[in-house]
Amino acid sequence: MSKPIVTIIGSLNYDLVTFTNKVPQGGETYTANSFETHQGGKGLNEAIAVSRLSPTDKIHTRMIGRIGDDDFGSNLINCLKESGVDVKYVETIKGISSGVATIIVESNGENRILITPGSNGKLKPTDEEYKNYFENIDSGFVVLQNEYPDSEKTINWLKLNKPKINIAYNPSPFKEELITNEIWSKIDLLIVNEGEAIDVAKKLLPNIKLNEDIEGFQQLAIEIHKLINQENIKTVIITMGSKGSLYYDGTTSTPKFINSKKIDNVIDTTGAGDTFFGGVISNLSLGKTIEDSVIFATTASSLAIQKKGAAEGIPTYEEVLKNL
Ligand code: RIB
């Protein structure tokens, strides 16, 4: 039997990370604790997460992206290769720098991120290119976020030409103009955090009365579920940070809440969401249930936040199994 195929379309960033106890306001200067560089970008992190969070060679993980012709770009593509990701469609664009993220991580692990898209801004495939990328592929998952300019076109092209492929979407960074009934009706698996879920409710569900507790988000997940594609995997996941996450696929009366793991030594939360997303997709691709996939992904992201760096912090499949 052929392997499941997961295609990640999106950003690759070189992360410039400063670790500090205090974040300066305008006009202030502080001395930070340390500076490090790490591979990142939501697309790259998700690709590495899918590949690393599955047994070797069980999933064909592919990345579609753009790097600049600079050292950052070579470093990013090598990192994908070393993690077993197929980089045939990661192209180098001449005369432009690779994507960069300037990140400040505070002592509680929380981050602030400023992105310069660089070559990621050039990821706008033509219809011919999309056709080529998905030639002979009619199943599996395509994983998307908003760190490249073409997510709307990707969604429309896939739903029209490859309706059986599951579109898994994390609408981050949040772009209000992409929250429309038309786009959301084409999404098969949606992962949003609490803030994004509230923003969606404000735009698409203006009459809903939202309580910002677990029960309130369970109600919201049921309503958001009605907005997404009713074919394919039709699943909504709302992540709630250190509290946990909940999922709804329409097969139970109430969305199921999964507690997060209590972690005392949070070092760096950068990429934790991407790790969670990758863990869900790798497990679903391996044929696991949504419940088992969310539990696995919860453990994976709890391990990721105990290490520095977005991509480097992502654990292996075996490490997660030992900690489940
Ligand atoms: O989600 C984390 C990622 O967001 C970082 O790696 C950074 O590059 C930004 O894209």
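Residues numbered from 1 in each chain as written. Predicted model: local features only at pLDDT ≥ 70, side-chain atom pairs only at ≥ 80, totals over all residues. Heavy atoms only, no water.

Participant: Explanation requested: the packing of aromatic side chains in the structure shown.
Facilitator: Pairs of aromatic rings are described using the distance from one ring centre to the other and the angle between the two planes. One pass over the full model with this rule turns up six aromatic pairs. In this arrangement the basic side chain of Arg-62 is found over the ring face of Phe-134, its NZ or CZ atom lying 5.3 Å from the centre. A cation over an aromatic ring shows up here: Lys-308 above the ring of Phe-19, its NZ or CZ 4.4 Å from the ring centre. (Phe/Tyr/Trp six-rings, centres within 6.5 Å; stacked < 30°, edge-to-face > 60°. Lys NZ or Arg CZ within 6 Å of the ring centre and 35° of its normal.)

Participant: Can you help me understand the site of the ligand in this one?
Facilitator: Near the ligand lie 14 residues; those nearest to it are Asp-15, Gly-41, Lys-42, Glu-147 and Asp-274. In this structure, Asn-45 approaches the ligand through a side-chain N or O atom, which is 3.1 Å from an oxygen atom. Contact with the protein chains covers 97% of the free accessible surface of the ligand, which is 280 Å². Here the ligand is seated within the largest pocket. Counting residues per element, the ones that place at least two in the shell around the ligand are β2 (13-20), α1 (42-52) and β7 (111-116). Of the residues assigned to the shell around the ligand, the class counts are four nonpolar, six polar and four charged. (Near = heavy atom within 4 Å. Polar contact = N/O pair within 3.5 Å; in protein donor to acceptor, adjacent residues only side chain to side chain. Areas by Shrake-Rupley, 256 points an atom, 1.4 Å probe, with all protein chains shown as cover. 1 Å grid on protein atoms, 1.4 Å probe; cavity = no way out; pocket = protein on both sides within 12 Å on 5 of 7 lines; lining within 4 Å. Sits in = over half its atoms within 2 Å of the grid points. Helix = DSSP H or I, 4+ residues; strand = E, 2+ residues; numbered from the N terminus. Nonpolar A, V, L, I, M, F, W, Y, C, P; charged D, E, K, R; others polar.)

Participant: How should I be thinking about the sheet that holds strand β8 (residues 141-144) in this particular structure?
Facilitator: Hydrogen bonding along the main chain pairs the strands of a sheet, whether they run parallel or antiparallel. Spatially, nine strands are ordered β5-β4-β1-β8-β9-β10-β11-β12-β13 in an open sheet, and the strand pairing comes out mixed. Because the sheet does not close on itself, it has two edges, and the strands there are β5 (86-93) and β13 (256-259). Along the sheet, successive strands turn relative to each other by an average axial angle of 15°, direction set aside. Looking at chain direction, strand β12 (residues 244-248) and β13 are connected through four bridges and run antiparallel. The residue of β13 that forms the bridge with Gly-244 is Asn-259. Contacts between helix α4 (residues 151-161) and the sheet are confined to β1 (5-9), β8 and β9 (166-169), with β9 contributing the most and set at about 160° to the helix. Contacting β10 (189-193) and β11 (235-239), helix α6 (residues 194-204) runs over the sheet at an angle of about 110° to β10. (Pairing = 2+ DSSP bridges. Axes fitted to C-alpha atoms, helices over the stretch in contact; angles between N-to-C directions. Contact = heavy atoms within 4.5 Å.)

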